[in-house]
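Read off the chains here:
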Amino acid sequence: MRERMPGPALGILELSLIARGVVVADAMMKRAEVELLASRPVSGGKHLVFIAGEVDVVGESMAAGRAAAGSALADELFLPFLHEPVWPLLGEPVHPSEWAGGPVGAVAIVETQTVCAAVAAADAAGKAALVALRDMRLATGISGKAFFTMTGDLPDIEAAAVA
């Protein structure tokens, strides 16, 4: 996604109304000095807002976003210290031919109903066991759902999957 990793904190708001997503992103950016990673409509009529920055300012910005979202808030995620290998997966999908390094003995695909749930699960899996997080698809073209792929030795995949 980028040479410099943003963060350490990540905030995501997932909205059920596209137009409200633009208002929410505006409120978040005006409240605190965070980096806007993305603000975009996705499949299923949802809108995603991704921000990064220092823990305190991301928390403050998320509060403003929640207030602006109102009943359009479908899901939210605040990770004060995102597992570093997740950052590059937040951008464009990674094709399997680009997978490099890391353990490859077994594979698991974790599918979720929301983007926030998938990012939270990838963060927990990567912190729980020695697995390679390979790719992540976030709502576009898959009816607003999300999934990520990880590889590793079978016991590590099993531990990561329950994390």
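Located above this text is the structure these notes cover.
Reading guide: rules and limits
Residues numbered from 1 in each chain as written. Predicted model: local features only at pLDDT ≥ 70, side-chain atom pairs only at ≥ 80, totals over all residues. Heavy atoms only, no water. Helix = DSSP H or I, 4+ residues; strand = E, 2+ residues; numbered from the N terminus. Expected span 1.5 Å × (residues − 1). Buried < 20%, exposed > 50% of the residue type's maximum accessible area, 1.4 Å probe, protein only. Arc of directions from axis to C-beta. Contact = heavy atoms within 4.5 Å. Polar contact = N/O pair within 3.5 Å; in protein donor to acceptor, adjacent residues only side chain to side chain. Salt bridge = Lys/Arg side-chain N within 4 Å of Asp/Glu carboxyl O. Pairing = 2+ DSSP bridges. Core = buried A, V, L, I, M, F, W, Y, C linked by side-chain atoms within 4.5 Å. Axes fitted to C-alpha atoms, helices over the stretch in contact; angles between N-to-C directions.

S.K.: Explain helix α1 (residues 18-31) to me, using residue names and the numbers behind them.
M.R.: For α1, which comprises 14 residues, the first-to-last C-alpha distance of 21 Å matches the rise-based estimate of 20 Å (1.5 Å per residue) to within 8%. Every buried residue of α1 is listed here: Gly-21, Val-24, Ala-25 and Met-28. Down the axis, α1 shows its buried residues gathered within 100 degrees of arc, on one side only. Exposed residues lying more than 90 degrees from the buried face of α1 are Ala-19, Val-22 and Lys-30. Those residues of α1 that are buried lie in contact with β1 (9-15), β2 (35-42), β3 (46-53) and α2 (55-69).

S.K.: An account of the side chain of Asp-135 is needed here, citing residue identities and associated values.
M.R.: Mapped onto the secondary structure, Asp-135 falls in strand β6 (residues 132-138). In this structure Asp-135 comes out as buried when scored by relative accessible area, which is 3%. Engagement of the side chain of Asp-135 in a polar contact is seen with the side chain of Thr-149, the distance being 2.7 Å.

S.K.: Lay out the pattern of salt bridges with the relevant residues and their values.
M.R.: The final tally for this structure, using the stated rule, is 6 salt bridges. We note a salt bridge from Asp-26 to Lys-30, for which the minimum N-O separation is 2.9 Å. Taken as a pair, Asp-26 and Lys-30 lie in helix α1 at a separation of 4 residues, close to a single helical turn. The partner of Glu-111 in a salt bridge is Lys-145, and the shortest N-O contact between them spans 2.5 Å. Placement of the pair is Glu-111 in strand β5 (residues 106-112) and Lys-145 in the loop between β6 and β7 (146-152), with a sequence separation of 34 residues. What makes Glu-111 exposed here is its relative accessible area of 52%.

S.K.: Let's hear about the pairing of β3: which residues, and what values?
M.R.: A large share of β3 lies buried, amounting to 8 of its 8 residues. Residues Lys-46, Leu-48, Phe-50 and Ala-52 of β3 are buried on one face, and the alternating residues His-47, Val-49, Ile-51 and Gly-53, pointing to the opposite face, are buried as well. Pairing analysis gives 7 bridges linking β1 to β3, with the strands arranged antiparallel. Within the sheet, the bridge partner assigned to Gly-11 lies in β3 and is Ile-51. For β2 and β3, the ladder comprises 7 bridges, and the chain directions are antiparallel.

S.K.: Report on the nonpolar core, specifying residues and quantitative values.
M.R.: By size, the foremost hydrophobic cluster in this structure holds 34 residues, and its most contacted members are Leu-10, Phe-50, Leu-90, Val-119, Met-136 and Met-150. Tallying contributions element by element places helix α3 (residues 115-128) first for this core, with 6 residues. Judged by nonpolar contacts, the second largest core, of 14 residues, contains Ala-25, Ala-32, Val-34 and Ala-72.

S.K.: I'd like to hear about the sheet that holds β1, residue by residue, with values.
M.R.: Spatial strand order, β2-β3-β1-β4: 4 strands in an open sheet with antiparallel pairing. Only two strands of the sheet have a single neighbouring strand rather than two, namely β2 and β4 (73-79). Here the strands of the sheet are splayed against their neighbours by 10 degrees on average, with no regard to which way each runs. Sheet strands in contact with α3 are β1, β3 and β4, and its direction is about 25 degrees off that of β4.

S.K.: Any chance you could break down the environment of Leu-133 for me, citing the residues and the numbers?
M.R.: Mapped onto the secondary structure, Leu-133 falls in strand β6. Along the primary structure Leu-133 and Pro-155 are separated by 22 residues, whereas in three dimensions their C-alpha atoms are 15 Å apart. Among residues more than four places away in sequence, those in contact with Leu-133 are His-83, Val-86, Leu-89, Ala-122, Gly-126, Phe-148, Thr-149 and Met-150.

All quantities given are derived from atomic positions and should not be read as evidence of function.
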